[in-house]
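Chain residues, written in single-letter form:
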Amino acid sequence: GIDYSPEQLSAFILAKLKHDAELRLGHRVDRAVITVPAHFGEAERQATMRAGELAGLEVMKLVNEPTAAAFAYGLQKIGSDQRVLVFDLGGGTFDVTVIDIQGRDINVIATAGDHQLGGKDWDDCLLTYAADRFKEKHEFDPLADLAAYHDLRQKCVSAKISLTRRPRIQLFFDAQGKVMREEITRESFQDLSQALLKRCESLVLDVLEDAELQPQDIDTVLLAGGSTRMPMVRDMLEDLFGKPPAKDIHPDECVALGAALTAAIVEAESAGEEPSIDIRTHDVTSHSLGMVVYRDEALFNSKVIERNSRIPSERTRDDYVTTHDGQTTMDLWLVQGENDSPLECNVLGHFEFYGIPPRIGGESNLSVTFRYNANGIVEVEAM
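Positions within a chain are numbered from 1, following the residues in the order the chain's sequence is written. Residue-level local features of this predicted model are given only where pLDDT is at least 70; pairs of side-chain atoms are given and counted only at 80 or more, and the full residue set underlies all totals for whole chains, interfaces and linings. Side-chain calculation: all heavy atoms of the structure are included, whereas hydrogens and water are not.

## Some words on the sheet that holds strand β8 (residues 220-224)
Cut-off, in case you're wondering: In this analysis, strands are considered paired if DSSP registers two or more bridges between them. Helix and strand definitions here come from DSSP, where helices need a minimum of 4 consecutive H or I residues and strands a minimum of 2 consecutive E residues; each element is numbered from the N-terminal end. Angles shown run from 0 to 180 degrees and are taken between the N-to-C directions of axes, each axis being a line fitted to C-alpha atoms and, for helices, limited to the stretch in contact.
Read from one edge to the other, the open sheet built from five strands follows the order β8-β3-β4-β5-β9, with strand pairing classed as mixed. Where the open sheet ends on each side, the last strands, each with one partner, are β8 and β9 (280-282). Within the sheet, the average angular offset between the axes of one strand and its neighbour, ignoring direction, is 25°. Bridge count for strand β3 (residues 82-89) against strand β4 (residues 94-102) is eight bridges, and the pairing is antiparallel. Residue pairing across strands places V84 opposite I99, the latter belonging to β4.

Now the structure itself:
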């Protein structure tokens, strides 16, 4: 009977992790480095910071998950320069990032992703298929009954995991005294979820295009996230790159390990000490930042900081002018996204500037500085 915000639910999970860590370590944990999908925008990053604070943590830094994975991998490979593609498919989000590891520098070249694509979508494919088969047989929709829905979802998740180890499985399901037994093979599961796999492949090709690279230019494909265990994902990547993905890093743990290494560096720097790990990471923005302008009788997204710019990133524009005589205020709308139409982008905020001297239209200039800080969060100032 209680409504919870996403931040509160996330805070419960973070508080549990904090509690478990404190039990294991035998002392308090007050600060955290938190990883986020690289494709997270401003709203999601701010919400993650709030969730950490609600859980009683001081959030020292937000790190993009593919960058954290590359950090963990790069620590093992110090001295061997290589170009890495990190394919990060989790339960609910997908990121793909191209990274150069050069000596002790980890440079992110380009990133793309979809934070509405993940392992749950593969679960849903099986769930819809099984529910349709049950409805054909018994004229009852298990998705319409809450208990049957949860039971069938759990069985479909188990079936997906089993198909990673076995070429075929039997799916048993009963509801309202009616029983269904259905054989599902890897091939049939792949057919059901082909569109999802295509979305992943398309984003891989997009990020290669952004980085101006061909598949053969990639030395290593790194896997992060539990959903990369699906054989269809690994087969698709092997077909695309002509070599199997690397197996020398744990897909479930590499992101957390990279976050811990980052925490060691941030902690040392804040204490004025020399970090014990001599690796530097350089990340990029995952979304363009722009202002809404009026041009040719239409609204237009005037990009100020382009996607895949290195962060922290700062740009100043001083060509914003008043449009009518006697104007003393100016409205600026800030958007995040790639579309030329600001209506297709995420609105970050509305800034109203006061105290402009009343002059003839076009004679007063506003200089605006836009900034992505080290956490990928937007800051704005104007004069």
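## Regarding a nonpolar patch on the surface
Where we set the bar: For patch detection, residues must exceed 30% relative accessible area and be free of salt bridges, and they are connected within 9 Å for like charges or within 5 Å for nonpolar side chains (Val, Leu, Ile, Met, Phe, Trp, Tyr). Here, Shrake-Rupley sampling with a 1.4 Å probe gives the accessible areas, and only protein chains in the shown set may cover a residue. In the sections that follow, a salt bridge refers to a side-chain nitrogen of Lys or Arg positioned within 4 Å of a carboxyl oxygen of Asp or Glu. Residue burial is assigned from relative accessible area. The probe radius is 1.4 Å, only protein chains are included, and a residue is buried under 20% of its type maximum, exposed over 50%, and partly exposed in between.
Taken together, the side chains of I2, Y4, L9 and F12 present a nonpolar region at the surface, about 430 Å² in accessible area. Following the sequence through the fold, F12 ends up in helix α1 (residues 6-25). A residue is classified by how much of its surface remains accessible, and F12, at 49% relative accessible area, is partly exposed.

## Remarks on the environment of V335
Definition in use: The contact rule is simple, with two residues in contact once any of their heavy atoms fall within 4.5 Å.
Structurally, the position occupied by V335 is in strand β13 (residues 330-336). Residue V335 is classed as buried on the basis of its relative accessible area, which comes to 1%. V335 sits 76 residues away from A259 along the chain, and the two C-alpha atoms are 29 Å apart. If we skip the residues at most four places from it in the chain, V335 touches S288, L289, G290, V292, N301, P342, C345, N346, V347 and L348.

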